[in-house]
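# Remarks on the overall topology
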Amino acid sequence: MKILGIRIKNLASLEGITEIDFTEEPLQSAGIFAITGPTGAGKSTILDALCLALYGKTPRYLQAKESGIDVTDIQGSVISQGDVRGILRDGTGEGYAEVDFVGVDGQSYRATWRIRRARDKAEGSLQAYTVALKNIN
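Report on the accompanying structure. What you see as residue numbers is a count from 1 along each chain, following the sequence as written. With the structure being a predicted model, the display of local features is reserved for residues of pLDDT at least 70 and the display and counting of side-chain atom pairs for 80 or more, all residues being used for whole-chain, interface and lining totals. Remark: hydrogens and water are excluded; side-chain values derive from all non-hydrogen atoms of the structure.

## Observations concerning the sheet that holds strand β6 (residues 108–116)
Ordered by their spatial adjacency, 5 strands build an open sheet running β2-β1-β5-β6-β7, and the pairing between neighbours is antiparallel. Two strands bound the open sheet, and with one partner strand each, they are β2 (14–21) and β7 (130–135). In this sheet, adjacent strand axes meet at a mean angle of 10° when their direction is disregarded. A strand pair is defined by DSSP finding two or more bridges across the two strands. To qualify as a helix, a DSSP run of H or I must reach at least 4 residues; to qualify as a strand, a run of E must reach at least 2; elements of each kind are numbered from the N terminus. Pairing between strand β1 (residues 2–11) and β2: 6 bridges, direction antiparallel. Residue pairing in the sheet places I6 in a bridge with I20 of β2. Fitted lines through C-alpha atoms give the axes, limited to the stretch in contact for helices. The angle between two N-to-C directions lies from 0 to 180 degrees.

Below is the structure:
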């Protein structure tokens, strides 16, 4: 698998749409690169987004699930600290993680993980997340 791009909207510390395009310079010709930045800049969120789009889960949230801690969501509802839906940025109604990649079959695909609140409103209840995979050749 070769990752072509990652798009993130409203997940954790990354507000709005963030895009990382590995088909453009300087990343296209980079043999290796580092994800750097201060605490809270979104480094782990990039990795979470990659995992969510491809697998619908992340190692970080799987570990948190074992703690048994609940987190208060809006309007007093409660979700588990390990619930991946909790990655949706506070104050937003919807978010997603998308990864474009070339599979081992040479075909290009887009994997998408999407989360939203009821009526796409920031004060709405969290809905079930959706996942999709489509060929983009």
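Now that the structure has been shown, we can carry on.
## Side note on helix α1 (residues 43–55)
Here a helix's expected span is defined as the number of its residues, less one, multiplied by 1.5 Å. When the terminal C-alpha atoms of α1 are compared, their 19 Å separation across 13 residues agrees well with the 18 Å that a helix rising 1.5 Å per residue should span. Three labels apply to residues, based on accessible area from a 1.4 Å probe with only protein chains included: buried if under 20% of the type maximum, exposed if over 50%, partly exposed otherwise in between. Listed in full, the buried residues belonging to α1 are T45, I46, D48, A49, C51, L52 and A53. Contacts are residue-level and defined by heavy atoms, with any inter-residue pair within 4.5 Å sufficient. Looking at the buried positions of α1, the neighbouring elements they touch are β1, β2, α2 (59–65), β5 (94–102) and β6. Immediately beyond the C-terminal end of α1, within one or two residues, lies G56, with a positive phi of roughly 75°.

## Brief notes about the layout of surface pockets
Site definitions follow a grid-based scheme: protein atoms alone, a 1 Å grid, a 1.4 Å probe that fits but cannot get out for cavities, and for pockets an open set with protein on both sides within 12 Å along at least five of seven lines, plus lining residues having an atom within 4 Å of a point. Grid points are joined across faces, edges and corners, and a volume is the space filled by probe spheres set on the points. Estimates place the volume of the largest pocket at around 230 Å³. Breaking the lining of the largest pocket down by element, the ones donating at least two residues are α2, β3 (70–72) and β4 (78–80).

## Describing a nonpolar patch on the surface
On the surface, a cluster of nonpolar side chains totalling about 280 Å² of accessible area is made up of F33, I35 and L47. Within the fold, L47 resides in helix α1. Note that patches include only residues with greater than 30% relative accessible area and no salt bridge, and the join distances are 9 Å for like charges and 5 Å for nonpolar side chains (Val, Leu, Ile, Met, Phe, Trp, Tyr). Shrake-Rupley sampling with a 1.4 Å probe provides the accessible areas, and residues are treated as covered by the protein chains on show and by no other component. Salt bridge, as applied in this entry: a Lys or Arg side-chain nitrogen positioned within 4 Å of an Asp or Glu carboxyl oxygen.

## Brief notes about the environment of V102
Tracing the backbone shows V102 in strand β5. Classification of V102 as partly exposed rests on a relative accessible area of 23%. Non-local contacts of V102, meaning those with residues more than four positions away in its chain, are made with M1, K2, L4, Q107 and S108.

## A closer look at the environment of I17
Its location among the elements puts I17 in strand β2. The spacing of I17 and A97 is 80 residues in sequence and 9.8 Å in space, taken between C-alpha atoms. Among all residues touching I17, those that are not within four sequence positions of it are I8, K9 and Y96.

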